[in-house]
Amino acid sequence: SLEELMLDHNQIASLPPVFKENSPLKVLLLNHNQLTSLPETIVNLKHLELLTLSYNNIRVLPQDMGNLKNLKTLILIGNPIEEDEIKRLRSLMPQTKIIVQ
C-alpha cells in the first residue's frame, strides 16, 4: 500500500478531492508546484506524518487541519501565508512542528 507520495516539481495547480479516510499515506511531498489551496479531503489522511508544501502559492489551509492528529511536521516555506493563518494552524495543531522559513 502507498505510504509515501512524492510530487515535487510537477507544476501541479490543484489536487482532486480524492483523499480517502483509510489511506495509509504517511508522507506527502508537494514542494515547488503551483498550488493555491488544498482540497478539504486532505484532512482524511489520518496517518499522515509529514506534509511538505514549500514554494507554492498557498495562503490558507483547510479549516479542519486539526484533524490530522498524527501530523508531526508541516513545511510551508516560500508560500504567501499571513501570520494570522500560521497562528490559527499552530492553535489547531499544537502537536505539529510548522516550519514557515
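No experiment lies behind these values; they were computed from the predicted model shown.

A. Main features of helix α1 (residues 83-92). Here α1 has its buried residues at Glu85, Ile86, Arg88 and Leu89. The buried residues of α1 occupy an angular sector of 160° when the element is viewed end-on, so they sit on one face. Residues Asp84, Lys87 and Ser91 are exposed on α1 and point more than 90 degrees away from its buried face. The elements touched by buried residues of α1 are β5 (97-99).

B. Fine view of the side chain of Thr96. Residue position: Thr96 is located in the loop between α1 and β5. In this structure Thr96 comes out as buried when scored by relative accessible area, which is 9%. Among the polar contacts made by the side chain of Thr96, one reaches the main-chain carbonyl oxygen of Leu71 at a distance of 2.6 Å. With sequence-adjacent residues up to four places away left out, Thr96 is seen in contact with Leu71, Lys72, Thr73 and Leu74.

C. The arrangement of the sheet that holds strand β1 (residues 4-6) in detail. Pairing is parallel across the open sheet formed by five strands, whose spatial order is β1-β2-β3-β4-β5. Whereas interior strands pair on both sides, the edge strands pair on one side only; in this sheet they are β1 and β5. Each strand axis lies, on average, 5° off the axis of its neighbour in the sheet, ignoring direction. In this structure, strand β4 (residues 73-75) lies alongside β5, joined through three bridges in parallel fashion. Each bridged residue has a counterpart across the sheet, and for Thr73 the counterpart in β5 is Lys97.

D. Representation of the pattern of salt bridges. Applying the stated rule across the entire model yields two salt bridges. Between Lys72 and Glu49 there is a salt bridge, and its shortest N-O distance comes to 3.5 Å. Taken as a pair, Lys72 in the loop between β3 (50-52) and β4 and Glu49 in the loop between β2 (27-29) and β3 lie far apart in primary sequence, 23 residues in all. With relative accessibility at 29%, the residue Glu49 sits in the partly exposed group. The salt bridge partner of Arg88 is Glu85, with a shortest N-O separation of 2.7 Å. Taken together, the residues Arg88 and Glu85, both in helix α1 and three residues apart, mark about one turn of the helix.

Conventions and cut-offs
Residues numbered from 1 in each chain as written. Predicted model: local features only at pLDDT ≥ 70, side-chain atom pairs only at ≥ 80, totals over all residues. Heavy atoms only, no water. Buried < 20%, exposed > 50% of the residue type's maximum accessible area, 1.4 Å probe, protein only. Helix = DSSP H or I, 4+ residues; strand = E, 2+ residues; numbered from the N terminus. Arc of directions from axis to C-beta. Contact = heavy atoms within 4.5 Å. Polar contact = N/O pair within 3.5 Å; in protein donor to acceptor, adjacent residues only side chain to side chain. Pairing = 2+ DSSP bridges. Axes fitted to C-alpha atoms, helices over the stretch in contact; angles between N-to-C directions. Salt bridge = Lys/Arg side-chain N within 4 Å of Asp/Glu carboxyl O.

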